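Architecture and fold: a report
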Amino acid sequence: MTQGSTITVRLETPVSYNGETFDALTLRKLKAKDLVAADLATGDAQRAIAIFASMAGVPVQVIEEMDVDDFERLGAEAAPLMGKSATAAMAKTPSGQAR
């Protein structure tokens, strides 16, 4: 579901972390601070996870525990919020692979 500068992605496989269950994630438009979060990670997959966690305002562990199909769909649906350069960079990560 798209609403302006946010999207909500329903997870086919909910994630439980720290006593909370996540069955959907709402991501906002990419900001510079999300790229800073990515700089703290090593490896393309960890950078993607850090960006998505920052955009969704959830701990990194929530994204790490996602089913891979949900993770890939999250990447595809988040692309319009990420700008051209970030979208190109994400295409190189596991979440950016076409299904």
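Presented here is an overview of the structure given in this document. (Residues numbered from 1 in each chain as written. Predicted model: local features only at pLDDT ≥ 70, side-chain atom pairs only at ≥ 80, totals over all residues. Heavy atoms only, no water.)

Focus: the packing of aromatic side chains
In plain terms, the rule: Here a Phe, Tyr or Trp ring, Trp counted by its six-membered ring, pairs with any other such ring whose centre lies within 6.5 Å, and the pair is stacked when the planes are under 30 degrees apart, edge-to-face when over 60, and tilted otherwise. Going along the chain from the N terminus, every DSSP run of H or I of four or more residues is numbered as a helix, and every run of E of two or more is numbered as a strand. Note on classification: 1.4 Å probe, protein chains only; a residue is buried when its accessible area is under 20% of the maximum for its type, exposed when over 50%, partly exposed between these limits.
Scanning the model with the defined rule gives one aromatic pair in all. Between Phe52 and Phe71, the ring centres sit 5.8 Å apart and the planes meet at 80°, which makes this aromatic pair edge-to-face. With Phe52 in helix α2 (residues 44-56) and Phe71 in helix α4 (residues 68-78), the pair connects residues that are 19 residues apart, well separated along the chain. Taken individually, Phe52 and Phe71 each receive the classification buried, so the pair is uniform in this respect.

Notes on the pattern of salt bridges
Operational definition: Counted as salt bridges are all cases of a side-chain nitrogen of Lys or Arg within 4 Å of a carboxyl oxygen of Asp or Glu.
According to the stated counting rule, one finds four salt bridges in the structure shown. Measuring nitrogen to oxygen at the nearest pair gives 3.7 Å for the salt bridge that ties Asp44 to Arg47. Here Arg47 and Asp44 lie together in helix α2, a separation of three residues that amounts to about one turn. Of the residues examined, Arg47 reaches a relative accessible area of 33% and is grouped as partly exposed.

A closer look at the environment of Arg10
Filter applied, for reference: Should any heavy atoms of two residues lie within 4.5 Å, those residues are considered in contact.
As for its placement among the helices and strands, Arg10 is situated in strand β2 (residues 6-17). On the basis of relative accessibility, which here comes to 54%, the residue Arg10 falls in the exposed class. As for Arg10 and Thr26, which are separated by 16 residues in sequence, their C-alpha atoms are 8.8 Å apart. Among residues more than four places away in sequence, those in contact with Arg10 are Asp23, Ala24, Asp70 and Arg73.

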